[in-house]
Amino acid sequence: WLHTHQNHRTGLVASFDGDPSLDDMAFTYDQSLASQVFLLFGDTESAAQVLSFYEKRAADEDGAFFNAYDTVRGNAVENIVHVGPNVWLGIAALQYERRVKDGRFVPMARRIADWLIRLQDAEGGFKGGPDLSWYSTEHNLDAYAYFGMMTMMTGDEKYRKAQERTLA
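Sequence positions are assigned chain by chain, starting from 1 and proceeding in written order. Reporting in this predicted model follows two pLDDT cut-offs: at least 70 for local features of residues, and 80 or more for side-chain atom pairs to be given and counted; totals over whole chains, interfaces and linings ignore these cut-offs and use all residues. Based on all heavy atoms of the structure, the side-chain values leave hydrogens and waters out of the count.

J.: Give me the lowdown on the nonpolar core, citing residues and values where you can.
T.: In these notes, a set of buried Ala, Val, Leu, Ile, Met, Phe, Trp, Tyr and Cys residues joined through side-chain atoms within 4.5 Å is what counts as a nonpolar core. Relative accessibility thresholds used throughout: buried, under 20% of the residue-type maximum; exposed, over 50%; partly exposed, between the two (1.4 Å probe, protein chains only). Core analysis: the largest hydrophobic core is formed by 42 residues, its most contacted members being Tyr54, Phe65, Tyr69, Met108, Leu116, Tyr146 and Phe147. Among the elements of the structure, helix H1 (28–40), helix H2 (44–57), strand E3 (64–65), helix H3 (83–100), helix H4 (106–119), helix H5 (137–154) and helix H6 (157–167) are those that each provide at least two residues to this core. Secondary structure is summarised from DSSP: a helix means a run of H or I of at least four residues, a strand means a run of E of at least two, and numbering begins at the N terminus for each. The dominant element in this core, judged by the number of residues it contributes, is H3, at 9 residues. For this analysis, residues touch if any pair of their heavy atoms sits within 4.5 Å. Dropping the residues within four chain positions of it, Tyr54 is found in contact with Leu12, Phe27, Thr28, Gln31, Phe65, Tyr69, Leu89 and Met108.

J.: Quick rundown of unusual backbone geometry? Include the residues and the values.
T.: A positive phi angle, near 60°, is found at Asp62, a position not held by glycine. With respect to the helices, strands and loops of the structure, Asp62 is situated in the loop between strand E2 (60–61) and E3. Even without glycine at this site, Lys101 takes up a positive phi of about 60°. Mapped onto the secondary structure, Lys101 falls in the loop between H3 and H4. For Lys101, a relative accessible area of 62% puts it in the exposed group.

J.: I'd like a description of H1, backed by residues and values.
T.: Given a helix with a known number of residues, its expected span is that number minus one, times 1.5 Å. Spanning 13 residues, H1 covers 19 Å between terminal C-alpha atoms, matching the ideal 18 Å at 1.5 Å per step. Three or more residues of H1 are buried, namely Thr28, Gln31, Ser32, Ala34, Ser35, Gln36, Phe38 and Leu39. Along its buried surface, H1 packs onto strand E1 (25–27), H2, strand E4 (68–70) and H3. Immediately downstream of H1, the backbone of Gly42 shows phi near 75°, a positive value.

Put into structure tokens, the structure is as follows:
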């Protein structure tokens, strides 16, 4: 199903099938999961196609990616940036690195992690995104795990400190 719904020009996997209002939409969170499923089944090329879209083509805002893109044209269709989908995209990039060990998507993972650090509040938490007032427990738990992965992958002390601040 994932292969059938992956656009081979953009690498994105359609998030919904059968809902005309969501045709050709690829949500960033779903792309992270699709990439990780491809990796689980040893299909590193399909995983790389998904991640390459974000690395090379995706419009971003201050280093973070929008919530949804058009699978055919690749343009952002939901011009909203949330913490959670970006954390999961970073996790997918690190899972790719863990499997393939070519360094290809580590710079993207760093950009996402550095963007998160800029958003971290005085208590160490993350609101839902820039200019948002709400917090998500899941986003904060995911950010904690992501910073731990970044620390292990890069050895960079700033990610360990960000992880500690998130826990606090």
